[in-house]
Amino acid sequence: MFTRTHTCGELRASHIGQTVRLNGWVNSYRDHGNLIFIDLRDRYGVTQLVFDTDDAKNAGAADAGDKHAHTGMMGAADKLRNEDVISVEGTVRIRSGGENPKLDTGKVEVVVTSLVLLNKTENPPFLPDVIGTLPNEEVRLKYRYIDLRRPAMQKIVSTRSKALQSVRKYFVDANMFTEVETPVLYKSTPEGAREFLVPCRNVPGSFYALPQSPQLFKQILMVSGCDRYLQICRCFRDEDPRADRQAEFTQIDLEMSFVRREHIMTMMEGFVRHFWKDMLGYDVPPMQRMTYRNAMETYGIDRPDTRYGLHITDISEIAAKTDFKVFRDALAKGADRPRFNSKRGVVKAIRVPGGAEKLTRKITDGYSDLAKRFGAGGVATAKYIADPAGAKFDTGCAKFLEPIKAELVAALGLEPGDTLLFIADTYSVATKAIGELRQQVARDTNVVPKPGAEGGPWNFLWVIDFPMFEKNKDTGKWIAMHHPFTAPRDDQRDLFVSASVDDDDTIESIVSAGYDIVLNGSEIAGGSVRIHDRDVQSKVFQLLGLTPEQAKEKFSFLLEALSFGAPPHAGIAFGFDRLIMHICGTDNIRDVIAFPKTQVGADLMTRAPSAATPAQLKDLFIASTWTPEPSKA
């Protein structure tokens, strides 16, 4: 093997005449009779090699296991195939046949004088330089080591590395954050997402949990005087993976002491500007702010994609003037409850410009099925069409809308050719369902701008003033919307103190000091001002249904720490994988992780997870109750 003097992406016209040594994989092979051309690839690029009978007639070829020179290098080169690993020595010259503008090294080639075959490959299941349709994802994940050879994947891996440097440059070098590692084996706190449990051999019947985040440890660090903390950490949630989520993921975790919400938002907005400028050369404009309530009212979701319209309008007051039973039945629900209360009935609508032509009957019929998946009864539709006697509603619930036509036209800005979509139900159900409907309509009408379109590819947004609590739809119990260590907003303290466990309306109305960063409909960061007062923290546990004994059992160390001079503090965590998704222009998180899991949490390459042996289980004092399903054969 030759010691490499240059990479396969490095040679230029200035190297002509030099003797160089390159190592890499055979990317392509072309036999032109008296010449053999091979493109040699490493992670830096591709260089064309030439095996010339005239230049090589006195040269030898060596096998990796044979130190003696052999004649017939052309014969040795002729046996090379894609993905063989070789080492070559040769002379750089002007590329024969003209420049290849697609390659950085396209002006030159290397005339090989010595060749070492380092490893002969088996027939690969696919080639890294595949053009066109890639093999299916299962094949690529099973042979991930081949998939990672693709230039696109090599670029992503390099981008992640550069991004990590950029993070540390801003926080550690420029803003004096201290990088601290927190434990991976942690105490189980099962009130949040489902955890991964790790049995403890030394304490039979006891388990560690893998951390969903270092939340409590970073708060303890604030109590300890480490007033600016950073960690690029691995986190774990035993939830079903999806396109933008993995069971294990990387998080940029941050916390600051002696700050209010405005301080940390300013610091993190500065990071976003630094990061996009450093990675893409893009100048992020001042980030807009939107309250949680405005986001839900206008977009039906707390991570709105503001690159397109299709705004949602609450037409409950107008709808109450019709005899349409769907509307009236919905509005009768919780009529005595406050506005925005989750149980109060509402009617919400979306105007789809030009929808009369863009949305077929087949498409709109499918919207009811979508709404039902999110708890609503269905979707009512109507087209607003031109007519010699004046524009009118047509199809669907049109006859019920004529008495309120003028008010609907004014409220929604209707024009002939538009389609109206309605969902009527309780506030929580209708808002969720119409938010999902809005996103589907956007896909069906192709209104989402492509990157580089007018207005720019990046719409950053702060979403602030989240509710402190929400009801778990499965258990009916109150849970923390962010997490139970989030403080109420300063002006909500009196309301928070007055809340009691049986006063649902008050609990639901308390606003927290939480904040998220949203980019093009994707939450890329979430955080809050933390509770630094023991009494406030104990009250939160009480409202969440924990007895004092349960709170002490699970969080005694935190409550004790808050009693010993805890400073005001706040923090945030960025989803690092999601940041890389945006930077690299992909919508699949598995594309930006070197060794991801599938949708069912499996590693197809290593075949994890796998069964434990009886001896392992015995050593851990645990037994499996799982039994395989009987064969259907």
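Worth saying up front: this structure is predicted, and the values here are computed from it rather than measured.

**Regarding the overall build of the protein chain**
- Counting its regular elements, the protein chain contains 21 helices and 23 strands.
- Judged by the C-alpha coordinates and their principal axes, the protein chain covers about 95 × 80 × 65 Å.
- The buried share among the 633 residues of the protein chain stands at 47%.
- Across the protein chain, every contact between residues at least 6 apart in sequence was considered, and the portion connecting residues at least 24 apart equals 68%.
- Charge centroids of the protein chain, computed over 81 positive and 83 negative side chains, lie 1 Å from each other.

**Things to note about the nonpolar core**
- Ranked by internal contacts, the top residues of the largest apolar core, which has 60 residues, are Phe171, Met268, Trp276 and Phe574.
- Take this core: its biggest share by element is 9 residues, from helix 7 (residues 261–280).
- Those residues in contact with Met268 that lie beyond four places of it in its chain are Phe171, Leu254, Met256, Trp462, Ile572 and Phe574.

**Some points on helix 19 (residues 548–562)**
- A rise of 1.5 Å per residue sets the reference length of helix 19, with its 15 residues, at 21 Å; its end C-alpha atoms lie only 16 Å apart and thus fall more than 12% short of the reference.
- Taking the largest bend as the criterion, helix 19 deviates by roughly 90°, centred on Phe555.
- In the core, the buried residues of helix 19 are packed alongside helix 6 (215–223) and helix 18 (534–543).

**Side note on the pairing of strand 21 (residues 514–519)**
- Counting buried positions over the 6 residues of strand 21 gives 6, a clear majority of the element.
- Alternating residues of strand 21 divide into Gly514, Asp516 and Val518 and Tyr515, Ile517 and Leu519, and every residue in both groups is buried.
- Where strand 18 (residues 460–464) lies against strand 21, 5 bridges are found, and the strand directions are antiparallel. Bridge assignment links Ile464 to a residue of strand 21, and that residue is Tyr515.
- The pairing of strand 21 with strand 22 (residues 522–529) spans 6 bridges and is classified as antiparallel. Of the residues in strand 22, the one forming a bridge with Gly514 is Ser528.
- Connecting strand 21 to the next strand, strand 22, in antiparallel fashion are 2 residues, including Asn520 with a positive phi near 50°.

**Structural notes on the packing of aromatic side chains**
- Scanning the model with the defined rule gives 22 aromatic pairs in all.
- Ring geometry for Phe324 versus Phe327: centroids 4.7 Å apart, planes at 70°, classification edge-to-face.
- Note on Phe324: relative accessible area 11%, which makes it buried.
- In textbook terms, an aromatic cluster arises when at least three aromatic residues are bridged by ring pairs, as seen for Tyr170, Phe171, Phe177, Phe271, Phe275, Trp276, Tyr282, Trp458, Phe460 and Phe574.
- The residue whose ring lies beneath Arg81 is Tyr29, and the NZ or CZ to ring-centre distance is 4.6 Å.

**Considerations on the packing of helix 5 (residues 151–174) against helix 20 (residues 576–584)**
- Contact geometry for helix 5 and helix 20: axes closest at 10 Å, N-to-C directions at 120°. In terms of their interaxial angle, helix 5 and helix 20 are classed as oblique. Where helix 5 crosses over helix 20, the two elements pack in a sense that is right-handed. For the pair helix 5 and helix 20, contact is made by Ile156, Thr159, Arg160, Ala163 and Leu164 and by Phe576, Asp577, Ile580, Ile583 and Cys584, respectively.

**Let's talk about the pattern of salt bridges**
- Throughout the structure, instances matching the rule amount to 39 salt bridges.
- With a closest N to O distance of 3.2 Å, Lys169 and Asp278 form a salt bridge. Here Asp278 lies in helix 7 and Lys169 lies in helix 5, a separation of 109 residues in the sequence.
- Classification of Asp278 as partly exposed rests on a relative accessible area of 24%.
- Across the pair Glu262 and Arg289 runs a salt bridge whose closest N-O atoms are separated by 2.8 Å.

**Some words on the sheet that holds strand 23 (residues 569–575)**
- Here we have 8 strands laid out as an open sheet, ordered 7-10-11-23-22-21-18-12, and mixed in their pairing. The sheet is open, and its two borders are formed by strand 7 (178–179) and strand 12 (288–291), each paired with just one other strand.

**So, the pairing of strand 17 (residues 418–426)**
- Burial runs high along strand 17: 9 of the 9 residues are buried.
- The pairing of strand 15 (residues 380–385) with strand 17 spans 5 bridges and is antiparallel. Residue pairing for strand 17: Tyr384 is matched across the bridge by Asp418.

**Some points on the state of the cysteines**
- What the rule picks out here adds up to 0 disulfides.
- Cys233 forms no disulfide, and the closest cysteine sulfur to it belongs to Cys235, at a distance of 3.9 Å.

**Some thoughts on helix 5**
- The end-to-end C-alpha distance of helix 5 is 33 Å, a good match for the 34 Å that 24 residues give at a rise of 1.5 Å each.
- Three or more residues of helix 5 are buried, namely Met153, Ile156, Thr159, Arg160, Ala163, Ser166, Val167, Tyr170 and Phe171.
- Where helix 5 is buried, its residues meet helix 4 (144–147), strand 10 (228–236), strand 11 (248–257), helix 7 and helix 20.
- Immediately beyond the C-terminal end of helix 5, within one or two residues, lies Met176, with a positive phi of roughly 60°.

Quick notes on the rules
Residues numbered from 1 in each chain as written. Predicted model: local features only at pLDDT ≥ 70, side-chain atom pairs only at ≥ 80, totals over all residues. Heavy atoms only, no water. Helix = DSSP H or I, 4+ residues; strand = E, 2+ residues; numbered from the N terminus. Buried < 20%, exposed > 50% of the residue type's maximum accessible area, 1.4 Å probe, protein only. Contact = heavy atoms within 4.5 Å. Lys, Arg positive; Asp, Glu negative; His and termini not counted. Charge placed at Lys NZ, Arg CZ, Asp CG, Glu CD. Core = buried A, V, L, I, M, F, W, Y, C linked by side-chain atoms within 4.5 Å. Expected span 1.5 Å × (residues − 1). Bend = angle between axes of the 7 residues up to and from the residue. Pairing = 2+ DSSP bridges. Phe/Tyr/Trp six-rings, centres within 6.5 Å; stacked < 30°, edge-to-face > 60°. Lys NZ or Arg CZ within 6 Å of the ring centre and 35° of its normal. Axes fitted to C-alpha atoms, helices over the stretch in contact; angles between N-to-C directions. Parallel < 35°, antiparallel > 145°, perpendicular 65-115°, else oblique. Left-handed = near helix turned anticlockwise from the far one by under 90°. Salt bridge = Lys/Arg side-chain N within 4 Å of Asp/Glu carboxyl O. Disulfide = S-S within 2.5 Å.

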